[in-house]
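Listed below are the residues making up each chain.
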Amino acid sequence: MKVIVVGAGLAGLTCAKVLAESGAEVVVLEASDGVGGRVRTDEKDGFLLDRGFQVYFTAYPVSRRHLDHASLDLRTFDPGAILRRGREETVLSDPLRDPKALVPSLLSGAATFPDKLRTLKLAAASVAQGTESAGEANGGRDSSSLEYVRDRGFSEMFIHRFFRPFYGGIFLDRSLSTSSRVLRFTFKMLAAGKTTIPARGIGRIPEQLASHLPAEAVRSNSPVGALLREGETVVGVEVGGDAEEADRVVVATDAPSARRLTGAPVPEEALGQICAYYRTDRPIGGKKIMLNSEEDPFVNNAVGISNVSPLYAPQGEHLLSVVSLGGFELSDEEVFRRGVEDVSRWYPGLDLAPLAVYRVPYSQFDQPPGIHERLPGNRTGTPGLVLAGEYTEDSSINGSMLSGEKAAREVLGQ
Ligand SMILES: Cc1cc2nc3c(=O)[nH]c(=O)nc-3n(C[C@H](O)[C@H](O)[C@H](O)COP(=O)(O)OP(=O)(O)OC[C@H]3O[C@@H](n4cnc5c(N)ncnc54)[C@H](O)[C@@H]3O)c2cc1C
């Protein structure tokens, strides 16, 4: 059986890997110049620059089935976070795993003692969930993450200083309007495993998936213009003006491209981030994520990424990754300037030399409460056509890989 997979993001590559392992002939057609989709790493002047700040949770249940963590040489963030309000610094140690670590930060006033007990309770309840993805984490009425943490009695101060910047950085939404299923699933990932990056960049994840495929199976710079149909049935694709036939076509693109190619009812709204990189004259923040607890800040979070993996910077140099959740219309100079303004309030006198800006307006699809029940499945009503992509599960590395896995099973009739 010959299968064409359109798109070499995590969903497409996982689907292709599973199909190839089962003996199918697979061709992956990718519009851009390489594999990974939204998960890629560039190299510039000896620095490794991920295309947007992303982390990998070792507890992700689906990706563990497909990735060799040891070869990825995963480097671990320190748990907890550093909350910054101007010069004021509050270190949250490891509220999820080590209750003793709560005591120093108890003195800080960022969280009340009941907040800490509620955090532990939330972690325990989240770990007990048996689901493989946020999308599958059903269980009664869905609500926004904000409603969820308020219902559990967290103080407004803790919500504002911790949940908004922390989950704002994960959901790319400080208003916490994202489905509480995503919050609970992410909480479980944080509590059950480690938060990491591959030593040589997040792009190593798709590269490892692609390494399971025959070299000639993935064709870059091959945008698919349309699906080939015979009557109702999809029988191949148009690529570079040529027709290429297959027994099955898996459309594994981002949601907007999937809608254009197939007409499938995929989610429309997106959330984005801007990630600016600076070379700094000294390491700051250790291996913890720094969160901006101020009102309406430009910078939401930052991390000395070369503290986590020294391979992200040339020897003796330091790389700072700085994320904002808005300002897509600003020039690079303005993004850099506003990043420097915020980070300099935290670390006066720090020398920040701009390196690169990545604007990723379509980072994740928006996941308001209840959306996971309305997402399309992998199976379509069209013979010969299968869908894969984060938008059939949830917006994450794990969700996109689960979608790819399910798409392969659909093709194989399992
Ligand atoms: C900045 C950022 C931060 C994130 N942070 C995290 C995080 O910390 N943890 C986490 O788990 N997840 C995170 N995510 C989400 C995660 O990266 C995505 O959910 C996942 O990569 C989506 O994979 P995908 O295969 O569904 O889609 P994509 O990665 O979008 O892949 C689709 C592919 O299809 C190709 N394509 C499109 N149209 C065509 C066509 N016509 N012909 C051929 N090819 C085509 C595209 O070029 C692309 O390569 C983040 C994403 C971003 C961008």
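Quick note: structure is the one above.
Remember, it's a predicted structure, so these values are computed and weren't measured experimentally.

A. Layout of the pattern of salt bridges. Under the criterion given, the structure shown has 25 salt bridges. Here R345 and E294 are joined by a salt bridge, their closest N and O atoms 3.1 Å apart. In this pair, R345 is assigned in helix α12 (residues 332–346) and E294 in the loop between β16 (290–292) and β17 (299–303), connecting sequence segments 51 residues apart. Among the salt bridges present, the one from K406 reaches E393, with a minimum N-O distance of 2.9 Å. With K406 in helix α14 (residues 397–411) and E393 in the loop between β20 (385–387) and α14, this pair connects stretches of sequence that are 13 residues apart.

B. Geometry of the sheet that holds strand β19 (residues 352–365). Pairing is mixed across the open sheet formed by seven strands, whose spatial order is β8-β7-β16-β17-β18-β15-β19. Two strands in the sheet have a free side with no partner beyond their single neighbour: β8 (88–92) and β19. The sheet shows a mean angle of 20 degrees between the axes of neighbouring strands, direction not considered. Of the strands in this sheet, β7 (81–85), β15 (270–280), β16, β17, β18 (318–324) and β19 touch α12, which is tilted by about 105 degrees from β19.

C. Focus on the pairing of β17. Extensive coverage of β17 is indicated by the burial of five of its five residues. With two bridges joining them, β16 and β17 adopt antiparallel strand pairing. Bridge pairing links L291 to N301 in β17. Two successive antiparallel strands, β16 and β17, enclose a turn made up of six residues, where D296 displays a positive phi of approximately 40 degrees. Bridging between β17 and β18 involves four bridges; their strand directions are antiparallel. By the bridge assignment for β18, V303 is matched with S321.

D. Representation of the packing of aromatic side chains within the structure. One pass over the full model with this rule turns up 15 aromatic pairs. Each ring, one from F158 and one from F163, has its centre 5.5 Å from the other, and the planes form 80 degrees; the classification is edge-to-face. Seen in terms of ring centroids, F162 and F163 are 5.3 Å apart; in terms of plane orientation they differ by 65 degrees. Their pairing is edge-to-face. Given the relative accessible area of 8%, F162 is considered buried.

E. Seen up close, the site of the ligand. Lining the immediate environment of the ligand, one finds 33 residues, of which E30, R38, Y60, E390 and I397 sit closest. Within the side chain of E30, one N or O atom sits 2.6 Å away from an oxygen atom of the ligand. Here V224 contributes a backbone N or O atom positioned 2.9 Å from a nitrogen atom of the ligand. In isolation the ligand exposes 1000 Å². Once the protein is present, 92% of that is buried.

F. Up close: the packing of helix α5 (residues 113–127) against helix α8 (residues 180–192). Between α5 and α8, the shortest axis-to-axis distance is 8 Å and the interhelical angle comes to 95 degrees. Put simply, α5 runs roughly perpendicular to α8. Side by side, α5 and α8 meet where T119, L122, A123, S126 and V127 of the first sit next to L183, R184, F187, K188 and A191 of the second. Residue composition of the contact of α5 with α8, grouped by class: six nonpolar, two polar and two charged.

G. Quick look at the sheet that holds strand β2 (residues 25–29). Read across the open sheet, the five strands follow the order β10-β2-β1-β14-β20; overall the sheet is parallel. Looking along the sheet, the strands with just one partner apiece sit at the ends: β10 (218–219) and β20. In this sheet, β10 lies alongside β2 in parallel orientation, the contact comprising two bridges. Each residue of the ladder has a partner; that of V28, found in β10, is V218. Strands β1 (2–6), β14 (248–251) and β20 of the sheet are contacted by helix α10 (residues 255–262), whose axis makes an angle of about 145 degrees with β14. Contacts from α14 reach β1, β14 and β20, with the element oriented near 160 degrees to β20.

Parameters and conventions
Residues numbered from 1 in each chain as written. Predicted model: local features only at pLDDT ≥ 70, side-chain atom pairs only at ≥ 80, totals over all residues. Heavy atoms only, no water. Salt bridge = Lys/Arg side-chain N within 4 Å of Asp/Glu carboxyl O. Helix = DSSP H or I, 4+ residues; strand = E, 2+ residues; numbered from the N terminus. Pairing = 2+ DSSP bridges. Axes fitted to C-alpha atoms, helices over the stretch in contact; angles between N-to-C directions. Contact = heavy atoms within 4.5 Å. Buried < 20%, exposed > 50% of the residue type's maximum accessible area, 1.4 Å probe, protein only. Phe/Tyr/Trp six-rings, centres within 6.5 Å; stacked < 30°, edge-to-face > 60°. Near = heavy atom within 4 Å. Polar contact = N/O pair within 3.5 Å; in protein donor to acceptor, adjacent residues only side chain to side chain. Areas by Shrake-Rupley, 256 points an atom, 1.4 Å probe, with all protein chains shown as cover. Parallel < 35°, antiparallel > 145°, perpendicular 65-115°, else oblique. Nonpolar A, V, L, I, M, F, W, Y, C, P; charged D, E, K, R; others polar.

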